[in-house]
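Here is how the chains run, residue by residue.
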Amino acid sequence: MSTETKYQFITSEQLAERWSLPASWVREQVRSRAADPLPHIRFGKYVRFRWGSPELEDWAQRRIIGGHNRVAGRVRQEEAE
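First things first, this report covers the structure right here in the doc. Everything numeric in this text was worked out from a predicted model, so none of it was measured. (Residues numbered from 1 in each chain as written. Predicted model: local features only at pLDDT ≥ 70, side-chain atom pairs only at ≥ 80, totals over all residues. Heavy atoms only, no water.)

**Considering the overall build of the chain**
- Along its length, the chain carries four helices and three strands.
- Sequence-ordered secondary structure for the chain, helices as α and strands as β, is β-α-α-β-β-α-α.
- Residue burial in the chain is summarised as follows: out of 81 residues, 21% are buried.
- Considering only contacts within the chain whose residues lie at least 6 apart along the sequence, 42% involve residues at least 24 apart.
- Per element, the accessible surface of the chain, about 6,400 Å² overall, is 49% carbon and sulfur. (Helix = DSSP H or I, 4+ residues; strand = E, 2+ residues; numbered from the N terminus. Buried < 20%, exposed > 50% of the residue type's maximum accessible area, 1.4 Å probe, protein only. Contact = heavy atoms within 4.5 Å. Areas by Shrake-Rupley, 256 points an atom, 1.4 Å probe, with all protein chains shown as cover.)

**Details of the sheet that holds strand 3 (residues 46-51)**
- Spatially, the three strands line up as an open sheet ordered 1-3-2, and their pairing is antiparallel. The open sheet is flanked by strand 1 (8-10) and strand 2 (41-43), the only strands paired with a single partner. Pairwise comparison of adjacent strand axes, ignoring direction, gives a mean angle of 40° for this sheet.
- By the bridge criterion, three bridges tie strand 2 to strand 3 in an arrangement that is antiparallel. Each bridged residue has a counterpart across the sheet, and for arginine 42 the counterpart in strand 3 is valine 47. (Pairing = 2+ DSSP bridges. Axes fitted to C-alpha atoms, helices over the stretch in contact; angles between N-to-C directions.)

**Some remarks on a nonpolar patch on the surface**
- A surface patch of nonpolar side chains, amounting to about 330 Å² of accessible area, comprises Phe9, Phe43 and Tyr46.
- With respect to the element layout, tyrosine 46 can be found in strand 3. (Patch = residues over 30% accessible without salt bridge, like charges linked within 9 Å, V, L, I, M, F, W, Y side chains within 5 Å. Salt bridge = Lys/Arg side-chain N within 4 Å of Asp/Glu carboxyl O.)

**What to know about the pattern of salt bridges**
- According to the stated counting rule, one finds six salt bridges in the structure shown.
- For glutamate 28, the salt bridge goes to arginine 33, with nearest N and O atoms at 3.3 Å.
- Given the relative accessible area of 62%, arginine 33 is considered exposed.
- Residue aspartate 36 is joined to arginine 62 by a salt bridge in which the shortest nitrogen-to-oxygen separation is 2.8 Å. Of this pair, aspartate 36 sits in the loop between helix 2 (23-30) and strand 2 while arginine 62 sits in the loop between helix 3 (54-61) and helix 4 (77-80), placing them 26 residues apart in sequence.
- Residue aspartate 36 is classed as partly exposed on the basis of its relative accessible area, which comes to 24%.

This is the structure in structure tokens:
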């Protein structure tokens, strides 16, 4: 019996709609020049996201900014040196 988790593959437009963001912003976050690219899967020219996957959840979690921590998910300048 397999305990493999099944994820729903969604498009950039679907992810953008679920996160209430422009699809262009989602596509920009996939590009290699993004500081922390969105986790995605390429099928040739097609890009898909695994909705509900730990990778996508972790990426979103890194962007949560608490009231006491304005640099959550970012490397502070003094840490980078």
